[in-house]
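# Survey of secondary and tertiary structure
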Amino acid sequence: QVRLVESGGGLVQPGGSLRLSCAASGSIFKIDDVGWYLQAPGEQRELVAHIDSDGATNYADSVKGRFTISRDNAKNTVYLQINTLKPEDTGDYYCYGAIIHWNNEKVYYWGRGTQVTVSS
């Protein structure tokens with residue numbers, strides 16, 4: 001079994017910064033692509049950042065230039081650096097990961113989310 005646990009959320013003023021982390025643990029041979037979704041209040045979950053196993057990244061247009069996704073493969077952890085926060089960045093941030101198990105099976109897992117509130 002695999003667990004993904006997010007951390008780093010909180011209340012921050014507009015213009016501030018946060019660094020979210022998502023740590024994977026369990027029966028992991030390798031982690032393929034990983035990413036972050038944002039679910040704003042009353043909205044559907046939206047992909048905001050993605051990074052593949054080679055380190056190639058892509059972002060939603062709304063966050064380009066402000067969000068940076070990175071990964072530490074040795075720690076099985078993915079990060080999301082969020083700068084110049086805006087009220088519309090408020091919501092629950094979920095990480096997901098394509099986990100390759102020791103039997104070579106690839107399964108997608110989700111974390112339970114971490115809440116970010118941007119407000120003065």
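Just above sits the structure.
What follows is about unusual backbone geometry. A positive phi angle, near 50°, is found at Asn 76, a position not held by glycine. Residue placement: Asn 76 occurs in the loop between β7 (67–72) and β8 (77–82). Residue Asn 76 is classed as partly exposed on the basis of its relative accessible area of 26%. Backbone geometry at Asn 104 places phi at a positive 75°, although glycine is not the residue there. With respect to the helices and strands, the residue Asn 104 is situated in the loop between β9 (91–100) and β10 (106–110). Residue Asn 104 is classed as exposed on the basis of its relative accessible area, which comes to 60%.

Thresholds applied
Residues numbered from 1 in each chain as written. Predicted model: local features only at pLDDT ≥ 70, side-chain atom pairs only at ≥ 80, totals over all residues. Heavy atoms only, no water. Helix = DSSP H or I, 4+ residues; strand = E, 2+ residues; numbered from the N terminus. Buried < 20%, exposed > 50% of the residue type's maximum accessible area, 1.4 Å probe, protein only.

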